[in-house]
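# Understanding the architecture of this molecule
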Amino acid sequence: FPELIEEGYASQMAISRAYLKLGENLAAFNLLHALYEKHLATRPDLAETARQSLLLSLLASADQLKAGKDYEVALMRYRLAREYDLHNLHSHRGYIECMYYLQQIRQAELEYEALNRQYPRDNILTYALGLVYSYRGTEQAELFGDPDGLDPHYLVQKSSATIARALLYDYTMAQAYLTLSY
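These lines cover the structure that appears in this document, whether it is placed above or below. (Residues numbered from 1 in each chain as written. Predicted model: local features only at pLDDT ≥ 70, side-chain atom pairs only at ≥ 80, totals over all residues. Heavy atoms only, no water.)

What follows is about the overall build of the chain. When its secondary structure is counted, the chain shows 9 helices and 0 strands. Secondary structure of the chain in N-to-C order comes out as α-α-α-α-α-α-α-α-α. Principal-axis analysis of the C-alpha atoms places the extent of the chain at approximately 65 × 35 × 25 Å. When the 182 residues of the chain are sorted by exposure, 43% land in the buried category. When the accessible surface of the chain is split by element, carbon and sulfur atoms take 56% of a total near 10,200 Å². (Helix = DSSP H or I, 4+ residues; strand = E, 2+ residues; numbered from the N terminus. Buried < 20%, exposed > 50% of the residue type's maximum accessible area, 1.4 Å probe, protein only. Areas by Shrake-Rupley, 256 points an atom, 1.4 Å probe, with all protein chains shown as cover.)

Structure below.
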């Protein structure tokens, strides 16, 4: 029944929620992605709702995986969430934390420096780069147990200055203030 677009959409969304409740995350992700793609050109309102549901589902799954120390799979979910919304702060924070625990924070530094060149003066991406610098500054001390491993160049000069610059772009970003006070 092609004329029953909203009803078909609602039933598919209900199925995606059922998949999530049953722990069938991949089936839910695939269905939500298909709904997003199907309605993008003709019903952007429905596509946006599917995208938001997919984003929230990806983030919830990634958070759960990260809490269980499954950093590699969590990283993939955060990366996918970033693709659906480049300005979702939650996805960047989770992605960077996973990169840190996978001892890939230097790769994250290169990625976020490139993103900042591509999107200059973006408060979220600038903050994320500052967060990467913060993790870089603590890497030797926290991950490798080096008591003298704190790097003041990264912690004070690069991280704080970069996060402060993000606040210049958007002074209402509460997470940046919390990171600076840490």
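For the rest of this paragraph, the subject is the nonpolar core. In terms of nonpolar packing, the biggest core is built from 47 residues, with Tyr-78, Tyr-95, Ile-96, Ile-105, Tyr-112, Tyr-127 and Met-173 touching the most fellow members. Listing elements by their share of this core, those giving two or more residues are α1 (5-21), α2 (25-39), α3 (44-67), α4 (71-84), α5 (89-101), α6 (105-118), α7 (123-143) and α8 (152-169). Those residues in contact with Tyr-95 that sit more than four places away from it in its chain are Leu-75, Tyr-78, Arg-79, Arg-82, Glu-111 and Tyr-112. (Core = buried A, V, L, I, M, F, W, Y, C linked by side-chain atoms within 4.5 Å. Contact = heavy atoms within 4.5 Å.)

Residue pairs spaced three or four apart in an α-helix point in one direction, given the helix's 3.6 residues per turn. Given a rise of 1.5 Å per residue, 14 residues ought to cover 20 Å, and the 20 Å separating the end C-alpha atoms of α6 matches this to within 8%. When α6 is considered as a whole, its buried residues turn out to be Ile-105, Ala-108, Glu-109, Glu-111, Tyr-112, Glu-113, Leu-115 and Asn-116. (Expected span 1.5 Å × (residues − 1).)

The topology assignment puts His-39 in helix α2. Residue classification places His-39 among the buried positions, given a relative accessible area of 4%. With residues up to four places along the chain from it excluded, the contact list for His-39 reads Ile-5, Tyr-9, Pro-44, Leu-46 and Ala-47.

Of note, the phi angle at Lys-69 is positive, near 65°, even though the residue is not glycine. With respect to the helices and strands, the residue Lys-69 is situated in the loop between α3 and α4. For Lys-69, a relative accessible area of 61% gives the class exposed.

Once that is clear, we can look at the environment of Leu-59. Residue position: Leu-59 is located in helix α3. Excluding its chain neighbours within four sequence positions, the residues that come into contact with Leu-59 are Tyr-78, Ala-81, Asn-88, His-90 and Ser-91.

Attention now moves to the pattern of salt bridges. Once the charged atoms of two side chains with opposite charge are near each other, the side chains can pair. Per the stated rule, a full pass over the model turns up 7 salt bridges. Across the salt bridge formed by Arg-43 and Asp-45, the nearest N and O atoms sit 2.8 Å from each other. For Arg-43, a relative accessible area of 21% translates into the label partly exposed. Residue class for Asp-45 comes out partly exposed when judged on its relative accessible area of 42%. (Salt bridge = Lys/Arg side-chain N within 4 Å of Asp/Glu carboxyl O.)

Take the side chain of Glu-109 next. By the secondary structure assignment, Glu-109 is in helix α6. In contact with Glu-109, other than residues within four places in its own chain, are Leu-129, Val-132, Tyr-133, Arg-136, Tyr-154 and Lys-158.

Here the focus is the packing of aromatic side chains. For any pair of aromatic rings, geometry is given as the distance between the ring centres together with the angle between the planes. Applying the stated criterion to the full structure yields 5 aromatic pairs. On the numbers, 5.9 Å between centres and 80° between planes, the contact of Tyr-36 with Tyr-84 is edge-to-face. With Tyr-36 in helix α2 and Tyr-84 in helix α4, this pair connects stretches of sequence that are 48 residues apart. Grouping residues by exposure puts Tyr-36 and Tyr-84 together as buried. Seen in terms of ring centroids, Tyr-100 and Tyr-135 are 4.6 Å apart; in terms of plane orientation they differ by 45°. Their pairing is tilted. (Phe/Tyr/Trp six-rings, centres within 6.5 Å; stacked < 30°, edge-to-face > 60°.)

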